[in-house]
Amino acid sequence: MINKQIQMFGSPATSMWALLWLVAFAINVNSSERKEFQFKHHNNEEMYDAILQVREKCPNITSLYRLSEDSVEGRPLLVLVFSVHPTEHKPMDPEFKYIANMHGNEVLGRELLLKLADYFCEEYKAGNEDIVKLITKTRIHLMPSMNPDGWQRSTDDGGSNYLIGRDNAEGVDLNRNFPDLDRIIFDNEAYYKDINNHLMQMVDHLSQPVQPETKAVMQMIMSIPFVASANLHGGDLVANYPYDASRYGNVQGEYATSPDDDTFKWLALSYANYHADMANPNRMPCRGGDINFGKEGGITNGAKWYSVRGGMQDFNYLSSNDFEITLELGCDKYTKESELEKEWNRNKNALINLIWQSHIGIKGIIKDAATLKPIVNAFIKVVNVTNGILSPILHDVTSVQDGDYYRLLTNGDYHVTASMDGYLSSTKLVTVENKFHSEAKILNFDLQPIIIPSNYSKKRKRLANSNTITGDKLHVF
């Protein structure tokens, strides 16, 4: 029974206790009357129960998987998927994810994702056109809690402490525990300009042991071709975007620009402008002396606010094709239970609108022109040529398992080049005009394989043998 509801992701070393826990919840959902969603602080058992109830109510558009590692204390890390093809990637449908409760004492995002799951299920069944379209065209992953152990510690302490429960059970801040790819990209900008993406292969050391929760999410990021995502936090009210780390050390107020600065500002504004209050210039800052982000459109560059090394946001951008932002959802970390329904209404439209942004820019399929087979790991390079000004965007994305690629871009004119070893590259001009809640423009590429004559090797060998050195000149083929 449990295997029909929960797909194991990767190869977890599963404790019998944790497995029995999930089985018990599955039995509870099957045997008891399903309840209406309640705005409350769901404890860990109730969180799993709520996820399984949605899975039961909407089996045709949901799947459930468990990450490769459990939390330090053995709690499963579950992800609920919404899609008309929930168990697999479909070419041309972008993948989006929300991860909440990374800091265990920041709880609003956890409750918002549980409600969002319930809302998607109910509205899809009710025929809400926008939600049906979104779920039909997108594969959406919701992870309500990355740090259930920290949530338990914070809750047991009363939820009033600014630090208790923030870290995992080993006392590690998970948002400082990812490999520091900012260090690598900043070095590459100076010395290896062509290497600007998928940087995990360049990691030569780790500053600290990777925690099981971090390891599980890293495997998720590297295994699923996410296009856009957000991680949900609390403690302020702002949409934060890369880079999170300062280029020049912990320089206060340094704006660390990424190659996709315009696109990241678009993503951040797509949340802030649809939130009830985030972009309101007349609202007060959270605390005296804090930055009034409302006067800045409700968005901020991460490093300009404060520098973070080893964060999940920049790791996504620099290790994969995923454009991630960080959402600070409110001044309080442990939101009062009486405020949860109000906060859902303040955030609902923004949560949905941000998912739609996985459809901006262009997408397509890259194929071998001779065989018409998809080409995996081809590079997509982009130059912004709007108004006749050439501005290369020095961050490439790659095609995924079916040759499909997704390149988030703001409105404008672009030269887009598809390239792959063994093929002639191809460049096309495209005008991007992003429309409200619509799919990205399709731009396909058929790459011509480079054909090497059958007698090429013999000629090369003969000419190489005839190479001679005369004076200071070397004659080579």
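Everything below is about the structure shown above.
These notes cover the structure that comes with them. What you see is a predicted model; the values in this text were computed from it and never measured.

## Some thoughts on the nonpolar core
If you look at the biggest cluster of nonpolar residues, it comprises 108 residues, and the most contacted ones within it are Phe82, Tyr98, Phe120 and Leu327. Ranked by residues supplied to this core, first place goes to helix α4 (residues 108–126) with nine residues. When residues of this core are assigned to domains, at least three fall in each of domain 1 (44–359) and domain 2 (362–451). If sequence neighbours within four positions are ignored, Leu327 has contacts with Tyr98, Ala230, Asn231, Leu232, His233, Val238, Ala239, Tyr271 and Leu354.

## Description of the packing of helix α9 (residues 261–272) against helix α12 (residues 340–356)
Between α9 and α12, the least distance of the axes is 7 Å, while the angle of their chain directions is 150 degrees. Relative to α12, α9 is oriented roughly antiparallel. Contact with α9, carried on its side by Leu267, Ser270 and Tyr271, involves Asn347, Ala350, Leu351, Asn353 and Leu354 of α12 and no other residues of that element. Looking at the contact of α9 with α12 residue by residue, the classes come out as five nonpolar, three polar and no charged.

## Examining the pattern of salt bridges
Counted according to the given criterion, the structure contains 28 salt bridges. Between Asp261 and Lys265 there is a salt bridge, with the nearest N and O atoms lying 3.4 Å from each other. Pair noted here: Asp261 and Lys265 are both in helix α9, with a separation of four residues, about one helical turn. For Lys265, a relative accessible area of 29% corresponds to the partly exposed category. Across the pair Glu343 and Arg346 runs a salt bridge, and its minimum N-O distance is 3.4 Å. Remark: Arg346 and Glu343 occur in helix α12; sequence separation between them is three residues, near one turn of the helix. With respect to burial, Glu343 and Arg346 carry one shared label: buried. Each of the salt bridges in this network shares a partner with another, and the network as a whole consists of Glu106, Arg166, Asp173, Arg176 and Lys333.

## What about the packing of aromatic side chains?
Between two aromatic rings, the relevant description is the distance of the centres plus the angle of the planes. All chains considered together, the criterion is met by 14 aromatic pairs. Aromatic side chains Phe96 and Tyr98 sit 4.8 Å apart centroid to centroid with 80 degrees between the ring planes, which places their arrangement in the edge-to-face category. Assessed through its relative accessible area of 0%, Phe96 is described here as buried. One aromatic cluster is present, built from ring pairs that chain together Phe186, Tyr243, Phe264, Tyr317 and Phe323. Against the face of Phe445 rests Lys428, its NZ or CZ located 4.9 Å from the ring centre.

## Description of the environment of His395
Position of His395 relative to the elements: it lies in strand β12 (residues 391–398). Setting aside anything within four residues of it in sequence, one finds His395 in contact with Asn196, Asn197, Pro259, Asp260, Tyr317, Ser320, Phe323 and Arg407. Reaching out from His395, the side chain makes a polar contact with the backbone oxygen of Tyr317 at a distance of 3.4 Å.

## Describing the environment of Phe120
Within the element layout of this structure, Phe120 appears in helix α4. Through-space distance from the C-alpha of Phe120 to that of Ile131 is 6.8 Å; in sequence the pair is 11 residues apart. Each residue touching Phe120, except ones within four places of it in the same chain, is listed here: Phe82, Ile131, Leu134, Ile135, Ile140, Ile352 and Ile355.

## Digging into empty space enclosed by the protein
Over the atoms, a rolling probe the size of a water molecule traces out where space has been left empty. If you walk through the whole model with that rule in mind, you get one cavity of 30 Å³ or more. Estimates place the volume of the largest cavity at around 30 Å³. Considering the residues around the largest cavity, the lining is formed by Pro225, Phe226, Val227, Asn321, Thr398, Val400, Tyr405 and Tyr406. Elements with a minimum of two residues in the lining of the largest cavity: β6 (226–233) and β13 (404–407). Its residues assigned to classes, the lining of the largest cavity shows six nonpolar, two polar and no charged. Both domain 1 (44–359) and domain 2 (362–451) contribute no fewer than three residues apiece to the lining of the largest cavity.

## Some thoughts on unusual backbone geometry
A cis geometry characterises the amide bond from Pro242 onward to Tyr243, with omega recorded as -5 degrees. Its place among the elements puts Tyr243 in the loop between β7 (236–241) and α9. With a phi angle near 85 degrees, Met92 is a residue other than glycine that sits in the positive phi range. Summarising the element assignment, Met92 is placed in the loop between β3 (78–82) and β4 (95–100). The residue His437 is not glycine, and still its phi comes out positive at about 50 degrees. Tracing the backbone through its elements, the reader meets His437 in the loop between β15 (426–432) and β16 (441–442).

## Overview of the pairing of strand β14 (residues 412–419)
Remember that side chains alternate between the two faces of the sheet whenever the strand is regular. Summarising burial for β14: six of the eight residues are buried, a large majority. Where β14 meets β15, seven bridges bridge the pair, whose relative direction is antiparallel. Across the sheet, Thr417 pairs through a bridge with Thr427, a residue of β15. Between the antiparallel neighbours β14 and β15 lie six residues, among them Gly422 with a positive phi of about 90 degrees.

## Looking at the side chain of Ser71
For Ser71, the location among the structural elements is in the loop between β2 (62–66) and β3. Among the residues examined, Ser71 registers a relative accessible area of 5% and is labelled buried. A distance of 2.9 Å separates a polar side-chain atom of Ser71 from the backbone nitrogen of Arg75. Within polar-contact distance, the side chain of Ser71 engages the side chain of Asp149 at 2.8 Å. Setting aside residues up to four positions removed in sequence, Ser71 forms contacts with Leu77, Pro148, Asp149 and Glu213.

Rules used in this analysis
- Residue numbers run consecutively from 1 along every chain, following the written order of its sequence.
- Under the rules for a predicted model, residues below a pLDDT of 70 receive no local features and side-chain atom pairs below 80 are neither given nor counted, while totals for whole chains, interfaces and linings still include all residues.
- Here the side-chain values reflect all heavy atoms present in the structure, with hydrogen atoms and water set aside.
- Nonpolar cores were defined as sets of buried Ala, Val, Leu, Ile, Met, Phe, Trp, Tyr and Cys residues, with membership established by side-chain atoms within 4.5 Å.
- Only protein chains enter the area calculation, which uses a 1.4 Å probe; residues under 20% of their type maximum are buried, those over 50% are exposed, and those in between are partly exposed.
- Secondary structure elements are taken from DSSP: a helix is a run of H or I of four residues or more, a strand is a run of E of two residues or more, and numbering for both begins at the N terminus.
- Reported domain spans reflect what an automatic or database domain assignment gives.
- By definition in these notes, contact holds between two residues if any of their heavy atoms fall within 4.5 Å.
- Lines are fitted to the C-alpha atoms to define the axes, a helix being fitted only along its stretch in contact, and any angle between axes, read from their N-to-C directions, falls within 0 to 180 degrees.
- Convention used here: angles under 35 degrees read as roughly parallel, angles over 145 as roughly antiparallel, angles from 65 to 115 as roughly perpendicular, and any remaining angle as oblique.
- Three classes are used: nonpolar for Ala, Val, Leu, Ile, Met, Phe, Trp, Tyr, Cys and Pro, charged for Asp, Glu, Lys and Arg, and polar for all others, with Gly counted as polar.
- The working definition used for a salt bridge is a side-chain nitrogen of Lys or Arg within 4 Å of a carboxyl oxygen of Asp or Glu.
- Aromatic pairing here means that ring centres of Phe, Tyr or Trp (its six-membered ring) are within 6.5 Å. Orientation follows from the plane angle: under 30 degrees is stacked, over 60 is edge-to-face, and everything else is tilted.
- As a reminder, the over-ring test applies to NZ of lysine and CZ of arginine, requiring each to be within 6 Å of the ring centre and within 35 degrees of the ring normal.
- Here a polar contact means two N or O atoms within 3.5 Å. Within protein one must be a hydrogen donor candidate and the other an acceptor candidate, and residues neighboring in sequence count only if both atoms are side-chain atoms.
- Buriedness for pockets is judged along seven lines, at least five of which must meet protein on both sides within 12 Å for an open set on the 1 Å grid over protein atoms alone, while cavities are sets there where a 1.4 Å probe fits but cannot get out, and lining residues have an atom within 4 Å of a point.
- Grid points are joined across faces, edges and corners, and a volume is the space filled by probe spheres set on the points.
- DSSP calls a pair of strands paired once it identifies at least 2 bridges connecting them.

None of the figures reported here should be taken as evidence of function without further support.
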